[in-house]
Each structure stands twice: as structure tokens, then as C-alpha cells.
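Chains, contacts and geometry: an overview
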Amino acid sequence: MNQENSSRREFLLTGLLAAGAVAGCSSKKNAFEAGADSDIIATGKKVKLLSVDGDIIEVDEAYLKPVPELPPVSNSEARVGIDGKKFVMVIDLSRCKNLRKCQEACNHMHHVNPGQNWVKVYPMQDAEHTAPYWQPTTCMHCDEPPCVKVCPVDATFKRKDGIVLIDSDRCIGCRFCMAACPYSTRVFNWSAPDIPEEIAKQPYSCESSVPQKKGTVGKCDFCPDMTRRGELPHCVSACPNGTFFFGDMNEDTVTNGSDTFRFSDLIKDKAGYRLMEDLGTKPSVYYLPPVSRNFPYESGLENETKDKS
Amino acid sequence: MENSYSASEEKIIQDLFPQKFNRKGILWVIGLSLVCLIGLFAYYRQLRYGLVVTAMRDYASWGIYISNFVFFVAISLVGSLITAVFRLAHVEWSTPLTRISEMIAVAAILFASIIIIVDMGSPERFYNLFLYGRVQSPIIWDVIVISTYFVISILLLYYPLLPDIKILLQFKEKNGSRLNKFYSFIGSFWKGTKEQNRLSRNALHVLSVTIIPVAFCIHTVTSWLFATTYRPGWDSTNFGAYFISGAFLVGAGSVIVAMYILRNAYSLEHYITRGHFEKMGRIVVLLALLYLYFNVNEYLVPAFKMKKSEDAHLTGLFAGEFAPLFWFAILVGMILPILILIFRRGRRPLPAFIAGIMVVIGAWFKRYLIVTPTLLHPFLPMHNVPENYRHYFPTWEEWSIAIASLAGCMLVITILCRIFPIVPIQETLTEHHHQAILTEQNHEIAK
Amino acid sequence: MRSLNRNIAFLASFVFFFSSLVVFAQDSTKNSLNITLSFYNENNKIPYLGVKVKSKIDGKFKQISSIPLALYLDADSTANLIGKVVTDDNGQAVASIPPSLKGKWSPFTKHDFIAVFDGDKKYEATKADVSIVRAKISIDTSSDKKVLATVYELQDTNWVPLKGVDVGFTIRRMDAYLNINETPTFSTDSTGQASADFKRDNIPGDLKGNIVLVAKVDDNDKYGNLTAEKIVPWGSKFVAENNFDKRTLFATRNKAPIWLLILAYSIALSVWGTLLILIVNLIKIKKLGIQQSSTH
């Protein structure tokens, strides 16, 4: 413990190259301490570098990488999740104009089978005389996920950090979860997915959901692999209009990369809500109503034609 | 027994002894086998290319495999109806029908489990159900309850067979050496002693009591595969009872069909009598009315409210895309059979047989209508998906596999009929004996 | 309206046509790279250099990975080499200044950083540079929950307070910096100082309620990126609340609800118990039969 403390102090003193990276999931006692990059383990190998003042300082090698090299997450770790986190997403409907950059980035990074999407953008109109709007959906990562309830083999599971993931190495392809999900989030790999061979050969990782496999279910995973590296999910960083906000409920903060808000204030000020609250699924995705819009609904129609083919 | 057919014991044994296939029978077996082979080929293609060979897609993610599964589970319930319920209620006329219904039950439950594996996207991981099974999942409940029901059905088929095996073994020259070996293997220990009879009788009683709750479980759990979701058309507290009433109906209908075919094929007119058709006809009417009642509950109540989520689904059934099939299933599966069987003339063998076929066909499409239209009406609109995601019409692979499973089921029943007596010999003899004593007594009283 | 739309569509198709021509033209030669250099001084200890490499492909900027770059201090000669880096999947790389350049770093207040790419099969050779003046920032807090920051510039050998620099006051979060109040930045006065009131009461901190305050100068043209951090106990204590370990219907198989387990096992055991008795019964019948035949 002592040693741990001292290394942490040194770390704070020597500069935070590794700032921003989420603590890995090893079970360190002080994982929740402020500035908690405490999971970076000193290698003992010192490197000499120049300080701002022009002095030569010795630093442990481990702190020098912008993203600390975390060991690949094992299946059992991926099933538990990142300790102390509770991921949350806020989708601001007033910013969406159906550009589908989110979808594009997601499909590209997860090698989703062409023609299928994990992020979907719906043209919504609740009633005849109400205003139409664009509604992107991801997996809702429900706190009481109906899909997880029905899975016969623990192939889809709810983690500590709130994320619902799929283990494609275990999924038997019964598709009960697809029937159970009221948000139509899940897609099935009806054939062997059309992905590059070197991707398909990789061992499957629950946290990156890559590679997708024939006869198994796939869906949005909230990109925990990115979060572990201190980066935002692909859809969040891909949206040029900043529609998606992502963060940790336990920090009460969400960000879309450029704007950062206190989550509780944002939801309170803009009257955020969740989809199909009456079903009791308790989603982790919140929506801000499409008021004072950045774009008229019609501007999103241009993108509708491109995939009619 | 009401048929006053008096024959010698030898005649009865000869009538009921399993017969070799005649030419029609051989053609029937070859035909069914061919259909099964086509189905196997289609399944090979499905294994190779994935479920993409089916018409199922992300919205209609369950198709005729699942509806076929529900159909098989439904049919298998007949075993508990005819054998157990009637046995407990001392309905003696049902004796000649017990064996047929148990055979149907065993074959149907076997193919229910086969077709559910066919529906799996990764069947090679079937063992995961045992390695990682989660008791929270209704699928695991289904796995448990189906295997339980399978074992009970086998036992219920096996126990009453034992005395018959003894009789079969008395005519070794008729059987051929392989069948004799098989008979000896499964039943040479039956001597028909008092103690053996007592044990067997007790066992049958226990089985008859046990199978009823298990049968209710199997179909209720199957209905819960749907009812535990939020989807319009499935989100119903009525579903368990609705499914069970439908299952009893299709089971009874299929027994009438089997009765008619086997009666004609094996000339069993003296054992499966007009009286049986008369009584089974009445039962089908009762069950069809019951099922109709549940249908009214299932559709009228939500239609009265027309919640937004149910609207598209219900109008699709009543007047939209699925309307022809929906009204076909209601009309042919329930109303017409009632209209036929409610009249005495309609309960003669041929019309009853036709009504039975209607019930079975109507029931098959009814299961399809329970599964697919709901999936095509999700909460969030179908948007930005390929055109073939919006509709569902089974591909030839799906049809062949589904039909092959039906053919396979019939093939198993046919083979069971070849090996075992269709009408229990020993029980017929016993009742014949009782009858004779009764008539003698009557004569004496008359004197 | 409709005709206007049509005109726009017409124009757009023209633009698209020509732009695709341009893309073709580029394809036949090589794409050019866009290199961005940024200087970072975090907590006034080890300064480092960040590089981002992008390229316009099919009209869109994309991050380019696996680009080898040589980074130099002040002049692109081997004596001034900071290091060689290769961009990662996000087209980014970082480098710190090695001790060997102490003689070239320490005496001067202003520096140029130069990135050189020698070109390869796909991309043209290119160069980029950025110049910075050495500066630093410090952070302090007062008891009335005010956060203070002072920015200094290096002049000759002295750190001199710097006026008119925009400083942001933030709380460090998982993947973001949350402002401590509504105003995004504050300008420093003649003493080089800026201050802001902490208005994020009850913001969740760690187990002890500690949070990390960060004062930062972002992307300053002259000074680059400067940050200073301080840990203060101004947050609310973190309470881990989670139903992960609870027995629920959506938990893993080991955490099935007790009522469900009792129900499921009692049903399964009673039914299978009965079936077992019936199977034993069969064996009994079999034994009786074999006895019978042996006595005969």
C-alpha cells in the first residue's frame, strides 16, 4: 500500500501524460481515488527526460504513454465490467439531422455486416399533428434488460458498469433476446459477416464486439474498449453536430467531445426522458426533446434517399 | 365396450398384430423418407451458409420453424389428454385410442426438440445449454420440461406395451428374428404375474397423474417464450390457457385423422368403431368451442381498446396483410369443424376425418399467425432496412425443413405402428373377457 | 421551392462530378498529409509534443495511422532530433524531450518544433512546425471555494506573470473536463492571475469526496497547452450502488433469485423423483419376471 501511494504521488508530480485514461479493471483498493489512474503499474524502468524548467528528471516508463498499455481484457473481466462506473448516454434530439455519421463510424469500427446497423436513426412522428423529428437509437443498456433475462446461456449479460454485452463465442443463436428487446436493437448474423479475413480471424472480444460471427446476435456495445482507453464511443466522436453525450453517471458528467455538462443539470434543464419508460426496462440512454432545433426536420430527408437502393 | 363384436381371442390377436407394410404402406414410407431427405439437404445448406437461407431477418427473427415447434408441442399434448385424462376419468371407450395418441405424442415431442435445434443459429453450441444454462430463461424451462415430458411419454407408451410384448413374443414366426430380438430386449421379462400387474397398474396411475401437470407446464412454458416479451400480440396474460386449449384441440383433431387412416389401412373397423368417431367428434366440438372462446378473449379485448402498439398488428390480422390467413385459421381451424361435427351425420368417420384435417391444418397456420405478424410490428418503426426485412415468406429451404419435420414425425408414427400393436391387444382382450362375463351374467339374470 | 431544390440538386451533381475528378487526379499521384503539432505542459513537469496526422480522402479528413515521423527541436538536423514516432490508430503520436537536448532547450525561451515525413508509396513527403514560448501555469484554491490560477512566461531566466491569457477552470472527469461554473474561461490580469468560483456543489468525487481541479490554457497560439492540477475535498463521497451482485432475473446463472431456484428445483425434483420411482419400478418388474422364469 505504501509503495502504491508513493508511486501515485510520483505520478501526480511527474505529469499526467496518461491523463484521461480510465482505470483498468484490476481490483486496486484506491481505484476510486481522485486522479485515479492508479491502475497504471510502475514498471521500475526509469527514463530520463527534460522538465519545463530544463532540468533532467527520472520518470517511470509506464507513465509516459498517452494511453497506458492495459493488458487485453479477459472474458471474465469483460463480464464484470469497469469498477465504479455507470455509463450513461444522452442523445439531444434538437441536434440530430439524420447525417448518420454515427452509424457510419459504428459500422466501420465494429465491422458490422453491410446492410445492418447497430445505431439506427428513425424518422419519428408521435401523432398526426405533432412535430416530426429524427431519433437515433443505440442499445439502451437497460438496467433491467429484458434481453438478458431471457438469454438461456449467459451469452448476453449485464455488467457492473451498466453495459449489456454479448459473448459471441457462447451465443447459440436462439434469437430470444431479439424478440425480447422492445427497442429492436439487436441484429443477427444470418450469414458469415462480410468482413476482411484478418478481422474475422481475430479472437472475439466482448468489449469490442469484433469480429461478428455467423449465427450469433450483435448489437451496440457502448464501446467499453474505447472507454478503457479514455476515449469516447465511436458514434459520439463521429457526430459533427454533437448529438450524443457520453459519460459516467457516478461522475454526474456527460460530454460530446466539445461540450461537457453536468448530467443531472442537463436532464433537469432540458427535461430529458427515456424511451418506453412504461415498460420498466430502465434504459441508460436519455433523450433531450427536439425543441429549439439546430436543423429543420426536412434537412434530414436528403440522407433518406441514399440508402433506398 | 359398446361394440358387441364377438370374436375369439385368436381372431383379436390376429387382427391387432403388427402387420408388414403392404404396397401402399411401402410407397408411403418411401415418400416420407424422400421428403425427409430433401429436408436434410436443405438443412445441410442452412448449416453451411447460415440462417441466411431462410427468409427470417432482423425483424421477423422467428419464422415457421418456431411456429412448427409450437405446433409439435401442441400436438404432443394429446398423449396426456387421451391417455391420462380419460384413464383417470375411467373413460373406457378410449382404450383403443391410447396407443395411437401416445405414439403421436412421442413422435411430436421428438420433432419439437429437433426443430428447435434447427432454428438455432449456432446448433454446434447446443451443449452450452447444459454447460451454461440459466434458470432465469424460459428457454431453459422449456428444455427441462420438454425432456421431462419426453421421458414421461416414453414411459406411458412403454408400460402398457409390456403385456402386448408378451403376446407378440408368442408368435415368433410372424415377427422375423430382428423384431423378436428387439421385443425380447424390451419386454421378455414380462410374465404377467399378479405382482407385475399390480406394479404396472400403480405405475400407470402415477404416470397419468404426473403427466397432466407436466403437459400443462410444457405448453404454458412454450407460450411464455412469447408472453414474457413486451410485443403486441404476445404481451398477454391469457397466453398459457390459450395455448393449452389450442393444443388439446389440435391433439384431438390429429387423433381423429390418425384413427381414420389407421382404421382403413389396417382394417381395424371392429376396434376403432363409428362410436369412437362419434365420441371424438363431440370432444373436438367442445375443444374447438373452448379454443374459440380463448380466441375471442385474445383478439376482441385488445381490439376493443386498440392501443397504438396493438393497432397495426391487429388491423394487419383482421383486414390487412395477414387477414386471409387469419380468417382461414379461424374458419377452417375452428368454425367449420364445429359446424361439421355438431351434427350426428358429421361425426361419421369420413366427415369427421375431414374435420380433423381442417383442425390440424388450421392449427398449423394459427401457430404461424401467432409467431410472425407480431414480429413484423415492432415498437419502433422498421426503417432504413432492406426490403426483404419488412416481410416474411418462407424460402424453399424453410418449407422443405418444416415439411420434412412433419414427414419425419409421421414416419416415426408409421414405424411405431409397424413395430407395436396400434390398438393395445391385452387390454382389448381383457375388456372382451369382461364383456363376455357381463353378457353371461345378463343371460343368467334374464333366465 | 421545388424548382429551387432541383437547381440545387443540379449544381450539387456538378460539384460532385468535379470533385470526383479531383479525387481521381489525386488517386493517380499521392495523397498529401496534414500534420498538426501541439505542445503540452501538464503540471509543469515533463513537457511533450503531440502530433496528429490527417489526410483528405474522398473529400473527408481521415486520421492516418502508421506514419513514421521525425521530430526535431528548432532545426531538422540529427543533432536536434527529439525522436522518431509512428502514428497510432487515431493518427496520433507523442514524444518528450530527451536529456541530450538540454543544451538546446534550457537556454532559450522560444522554440520551434518540426515534424518531418519522408514520404512513402501512398503519401507525399511533408513537413510541419509549430513555435511556442515556454510558459507555465499554477493552481491554488481559497477557503471560500474560489479557484485561482497564475500563468507565467519565461523571459530570459525568469518566470514573469502573463496578462490576458484565457484560463479554463475545470474538474477532471472520466473522458472530459467539466467547468466549475457556467463561464468557460477567465482572462488573467496584470498579476497573471485569474480566478473562478466553484459552483459544482455535490458533484460526485471519490470515496473521500476528493476531486481533481484542473486549470488549463488550451491551444494557445503562443504557449500551447498548459495545465495544472490540484486535488480538493469538494465533491460528495462516492457511494458504490449497484445491483450487479444482487439476485435478479437479469443476473448471471449463479445469481438467480432464491424464489425462482426454490420453485424450479422443487418442481423439477418432485417430477423427476416420481419418474425415478417409476423407472425403479420397471426394474422391479424386470427382476420379478426374471425370478419367475428361473423358478420355472
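Residues numbered from 1 in each chain as written. Chains lettered and ligands numbered in written order. Predicted model: local features only at pLDDT ≥ 70, side-chain atom pairs only at ≥ 80, totals over all residues.

What follows is about the overall build of chain C. In terms of helices and strands, chain C carries three helices and 17 strands. When burial is assessed residue by residue, chain C has 31% of its 296 residues classed as buried. In chain C, the share of contacts with a sequence separation of at least 24, taken over all contacts with a separation of at least 6, comes to 53%. (Helix = DSSP H or I, 4+ residues; strand = E, 2+ residues; numbered from the N terminus. Buried ≥ 20, exposed ≤ 12 C-beta atoms within 10 Å, placed from the backbone. Contact = placed C-beta atoms within 7 Å.)

Another aspect to go through is the overall build of chain B. Scanning chain B from terminus to terminus reveals 18 helices and zero strands. Scaling as 2.2 N^0.38, a compact globule of 447 residues should have a C-alpha radius of gyration of about 22 Å, and chain B matches this with 23 Å. Counting only C-alpha atoms, chain B reaches 85 × 45 × 45 Å along its principal axes. Here chain B holds 447 residues, and the buried ones make up 49% of them. Long-range pairs, those at least 24 residues apart, make up 83% of the contacts in chain B between residues at least 6 apart in sequence. (Rg over C-alpha atoms; globule rule 2.2 N^0.38 Å.)

With that settled, consider the interface of chain B and chain A. Across the boundary between the two partners, chain B contributes 36 residues, which contact 37 residues of chain A. Of all the elements in the fold, those that place two or more residues in the side of chain B that touches chain A are helix H6 (128–131) and helix H7 (138–158) of chain B. In the side of chain B that touches chain A, the residues fall into 19 nonpolar, twelve polar and five charged. (Nonpolar A, V, L, I, M, F, W, Y, C, P; charged D, E, K, R; others polar.)

Listed as interface residues are 45 residues of chain C and, on the opposing side, 45 residues of chain A. Elements with a contribution of two residues or more to the side of chain C that touches chain A: strand E1 (33–42), strand E2 (47–57), strand E6 (92–96), helix H2 (102–105), strand E13 (177–179), strand E16 (211–220) and strand E17 (224–232) of chain C. By residue class, the composition of the side of chain C that touches chain A is 24 nonpolar, nine polar and twelve charged.

Let us now look at the environment of Asp118 of chain C. For Asp118 of chain C, the position within the fold is in the loop between strand E7 (110–117) and strand E8 (126–133). C-alpha separation for the pair Asp118 of chain C and Gly83 of chain C, spaced 35 residues apart in sequence, amounts to 15 Å.

Before going further, it helps to examine the confidence of the model for chain C. All names here are of chain C. Considering every residue of chain C, the mean pLDDT works out to 85; 90% of them sit at 70 or more. Here residues 21–26 scores under 50 on pLDDT; set against residues more than four positions off or in separate chains, the count is three contacts. Across the interface, the model reports ipTM at 0.90; the global pTM reads 0.87. (pLDDT = per-residue confidence, 0-100.)

Right, let's get into unusual backbone geometry. Residue and element names in this part refer to chain A. Of note, the amide linkage connecting Val210 to Pro211 takes the cis form, showing an omega dihedral of -5 degrees. Assignment of secondary structure puts Pro211 in the loop between helix H6 (197–200) and strand E9 (217–218). The phi torsion at His141 lies on the positive side, around 45 degrees, for a residue other than glycine. You can see His141 is positioned in the loop between strand E5 (133–137) and helix H4 (146–150). By the C-beta count within 10 Å, which is 27 here, His141 ends up buried. Backbone geometry places Lys282, a non-glycine residue, at a positive phi of 55 degrees. Assignment of secondary structure puts Lys282 in the loop between helix H9 (263–270) and strand E13 (285–288). C-beta crowding within 10 Å serves as the criterion here: with 14 such atoms nearby, Lys282 is assigned to the partly exposed category.

It is worth spelling out the domain arrangement of chain C at this point. Partitioning chain C into domains gives domain 1 (31–132), domain 2 (135–232) and domain 3 (253–290). Between domain 2 of chain C and domain 3 of chain C, the C-alpha centre-to-centre distance is 70 Å. (Domains from an automatic or database assignment.)

Residue and element names in this part refer to chain A. Here Lys101 lies in helix H3 (residues 101–110). Lys101 sits 135 residues away from Val236 along the chain, and the two C-alpha atoms are 9.5 Å apart. Residue contacts for Lys101: discarding those within four places in its chain leaves Ala238, Cys239 and Pro240.

This part covers the nonpolar core. Soluble globular proteins tend to pack their nonpolar side chains together in the buried interior. All names here are of chain B. Among the nonpolar cores identified, the biggest contains 204 residues, and Ile104, Ala252, Val255, Ile256, Met259 and Val284 are the most heavily contacted of them. Per-element tally for this core: the top contributor is helix H12 (residues 239–265), with 16 residues. Among all residues touching Val255, those that are not within four sequence positions of it are Val78, Ile82, Leu97, Ile100, Ser101, Ile104 and Met280. (Core = buried A, V, L, I, M, F, W, Y, C linked by C-beta atoms within 7 Å.)

A separate point is the sheet that holds strand E11 (residues 253–255) of chain A. All names here are of chain A. Spatially, five strands are ordered E12-E11-E10-E3-E13 in an open sheet, and the strand pairing comes out mixed. With partners counted over all chains shown, the strands left at the sheet margins are strand E12 (260–262) and E13, one partner each. With strand direction ignored, the average angle separating the axes of adjacent strands in the sheet is 25 degrees. Of the pairings in the sheet, the one linking strand E3 (residues 87–92) to strand E10 (residues 244–248) comprises five bridges and is antiparallel in character. Looking across to E10, one finds that Met89 is bridged to Phe246. Against the sheet, H9 makes contact with E3, E10, E11, E12 and E13, and its axis sits at roughly 80 degrees relative to E12, the strand it touches most. (Pairing = 2+ DSSP bridges. Axes fitted to C-alpha atoms, helices over the stretch in contact; angles between N-to-C directions.)

Residue and element names in this part refer to chain B. The interhelical angle for the contact between helix H13 (residues 274–305) and helix H16 (residues 349–375), taken along N-to-C directions, is 35 degrees, at an axis separation of 10 Å. As H13 packs across H16, the resulting crossing turns out to be left-handed. Contacts between H13 and H16 involve Arg274, Phe277, Met280, Gly281 and Val284 from the former and Pro349, Ala352, Ala355 and Val359 from the latter. (Left-handed = near helix turned anticlockwise from the far one by under 90°.)

Turning next to helix H11 (residues 194–227) of chain B. Since there are 3.6 residues in each turn of an α-helix, residues three or four apart along the chain are aligned in direction. With 34 residues, H11 of chain B should reach 50 Å at 1.5 Å per residue; the first-to-last C-alpha distance of 49 Å fits that figure. By the largest-angle criterion, Ile211 of chain B marks the main kink of H11 of chain B, which is about 25 degrees, and a proline, Pro213 of chain B, follows within four residues. (Expected span 1.5 Å × (residues − 1). Bend = angle between axes of the 7 residues up to and from the residue.)

What follows is about the packing of helix H3 (residues 64–76) of chain B against H11 of chain B. All names here are of chain B. At their nearest, the axes of H3 and H11 sit 9 Å apart, and the two run at 160 degrees to each other. Taken together, H3 and H11 sit at an angle that is classed as roughly antiparallel. In the packing of H3 onto H11, the handedness of the crossing is left-handed. Together, Val70, Val73 and Ala74 of H3 and Ile218, His219 and Thr222 of H11 make up the contact between the two elements. (Parallel < 35°, antiparallel > 145°, perpendicular 65-115°, else oblique.)

Take the sheet that holds E8 of chain C next. Residue and element names in this part refer to chain C. Strand order in this open sheet of four strands is E5-E4-E7-E8, and the pairing throughout is antiparallel. Edge strands, defined here as strands with exactly one partner in the open sheet, are strand E5 (81–86) and E8. Put simply, the sheet's adjacent strands are angled 20 degrees from each other on average, direction ignored. Across four bridges, strand E4 (residues 68–73) lies against E7 in antiparallel orientation. Pairing of Leu71 across the sheet is with Ala115, part of E7.

For the rest of this paragraph, the subject is the pairing of strand E1 (residues 46–50) of chain A. Residue and element names in this part refer to chain A. Pairing analysis gives five bridges linking E1 to strand E2 (residues 56–60), with the strands arranged antiparallel. Bridging across to E2, Leu50 finds its partner in Ile56. Joining the antiparallel neighbours E1 and E2 is a turn of five residues, in which Gly54 adopts a positive phi near 90 degrees.

Here Leu325 of chain B shows up in helix H15 (residues 323–341). Not counting the four nearest positions on each side in its chain, Leu325 of chain B is found in contact with Phe365 and Leu369 of chain B.

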